[in-house]
Amino acid sequence: MVAIVEQPPPRAEHRADRQPGRATPDGVVPRQGRLTGHADLRTRPDFEQLLVALCTQATGDVHLDLAELDFIDVSGVITLLRAAGTLPGQSRLVLRNPPESMRRILDLLGPAVGAAGVTVD
């Protein structure tokens, strides 16, 4: 099972207009969380429900730390891309610390990743 845990913003400085926890000039506060556990075909329905809930409630970028994600397969990555499509306006799903296997999947998907509003930080 995979879990999404909201967490406080990091101390590291990032672009001021997109930093988690800091409001942009228009007052939008990006959300931040971390994924833990397994994201595969068996857990996809719950994983998708959690991600879509997180993304549809967002008013700006959503930053996800994937350092504690034990495993993600192609269906999990595609679920991330679909959930990113539910973000408002120009908001992005920003992935931090993705596992190497996930980076390979994202590379294979190529332009679809950027078109879905997903970036790797």
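Since this is a predicted model, take the numbers as computed values, not measurements.

Draft legend 1. Examining the pattern of salt bridges more closely. In this structure the tally under the stated criterion is four salt bridges. Arg92 is the partner of Asp61 in a salt bridge, and the nearest nitrogen-oxygen pair spans 3.2 Å. Taken together, the residues Asp61 in the loop between α1 (44–57) and β3 (62–72) and Arg92 in the loop between α2 (74–84) and β4 (93–96) connect sequence positions 31 residues apart. A relative accessible area of 1% places Asp61 in the buried class. Looking at Arg92, the relative accessible area reads 22%, which means it is partly exposed. Asp121 is the partner of Arg96 in a salt bridge, and the nearest nitrogen-oxygen pair spans 3.0 Å. Placement of Arg96 in strand β4 and of Asp121 in the segment after β5 (118–120) is noted, with a sequence separation of 25 residues between them. Connected via shared salt-bridge partners are Arg44, Glu48 and Arg82.

Draft legend 2. Local environment of the packing of α1 against α2. Where α1 meets α2, the closest approach of the two axes is 9 Å, and the angle between their N-to-C directions is 25°. One element, α1, and the other, α2, form an angle in the roughly parallel class. For the crossing formed where α1 meets α2, the hand is right-handed. Of α2, the residues touching α1 (which contributes Arg44, Phe47, Glu48, Leu51, Val52 and Cys55) are Ser75, Gly76, Thr79, Leu80, Arg82, Ala83 and Ala84. Residues belonging to the contact of α1 with α2 are distributed by class as follows: seven nonpolar, three polar and three charged.

Draft legend 3. Looking closely at the environment of Thr36. Looking at the secondary structure, you find Thr36 in strand β2 (residues 31–39). Taking the C-alpha atoms as reference, Thr36 lies 8.9 Å from Asp65; in sequence the two are 29 residues apart.

Draft legend 4. Here's a closer look at the confidence of the model for the protein. In this model, the protein carries a mean pLDDT of 80, and residues with pLDDT of at least 70 account for 74%. Contacts of residues 9–21 to residues separated by more than four positions or lying in other chains number 28 contacts, the stretch itself having pLDDT below 50.

Draft legend 5. Inspection of the nonpolar core at higher detail. Within the largest apolar cluster, 26 residues are counted, with the highest numbers of intra-cluster contacts made by Leu64, Ile72, Leu80, Leu93, Leu95, Met102 and Val118. Among all residues touching Met102, those that are not within four sequence positions of it are Leu66, Ile72, Val77, Leu80 and Leu95.

Draft legend 6. Quick peek at the packing of α2 against helix α3 (residues 100–109). Packing of α2 against α3 brings their axes to within 10 Å, and their N-to-C directions diverge by 60°. On the basis of the axis angle, α2 is oblique to α3. Relative to α3, the crossing made by α2 is right-handed. Taking contact as the criterion, the partners of Val74, Val77, Leu80 and Leu81 in α2 are, on α3, Met102, Ile105, Leu106 and Leu109. In terms of residue class, the contact of α2 with α3 is made up of eight nonpolar, no polar and no charged.

Draft legend 7. Up close: the pairing of β4. Residues Leu93 and Leu95 of β4 are buried on one face, and the alternating residues Val94 and Arg96, pointing to the opposite face, are buried as well. Summarising the sheet, β3 and β4 pair through four bridges and their orientation is parallel. Pairing of Asp65 across the sheet is with Arg96, part of β4. Crossover handedness for the path β3 to α2 to β4: right-handed.

Here is what the cut-offs are and how they apply
Residues numbered from 1 in each chain as written. Predicted model: local features only at pLDDT ≥ 70, side-chain atom pairs only at ≥ 80, totals over all residues. Heavy atoms only, no water. Salt bridge = Lys/Arg side-chain N within 4 Å of Asp/Glu carboxyl O. Helix = DSSP H or I, 4+ residues; strand = E, 2+ residues; numbered from the N terminus. Buried < 20%, exposed > 50% of the residue type's maximum accessible area, 1.4 Å probe, protein only. Axes fitted to C-alpha atoms, helices over the stretch in contact; angles between N-to-C directions. Parallel < 35°, antiparallel > 145°, perpendicular 65-115°, else oblique. Left-handed = near helix turned anticlockwise from the far one by under 90°. Contact = heavy atoms within 4.5 Å. Nonpolar A, V, L, I, M, F, W, Y, C, P; charged D, E, K, R; others polar. pLDDT = per-residue confidence, 0-100. Core = buried A, V, L, I, M, F, W, Y, C linked by side-chain atoms within 4.5 Å. Pairing = 2+ DSSP bridges. Right-handed = clockwise from strand over helix to strand, strands pointing away.

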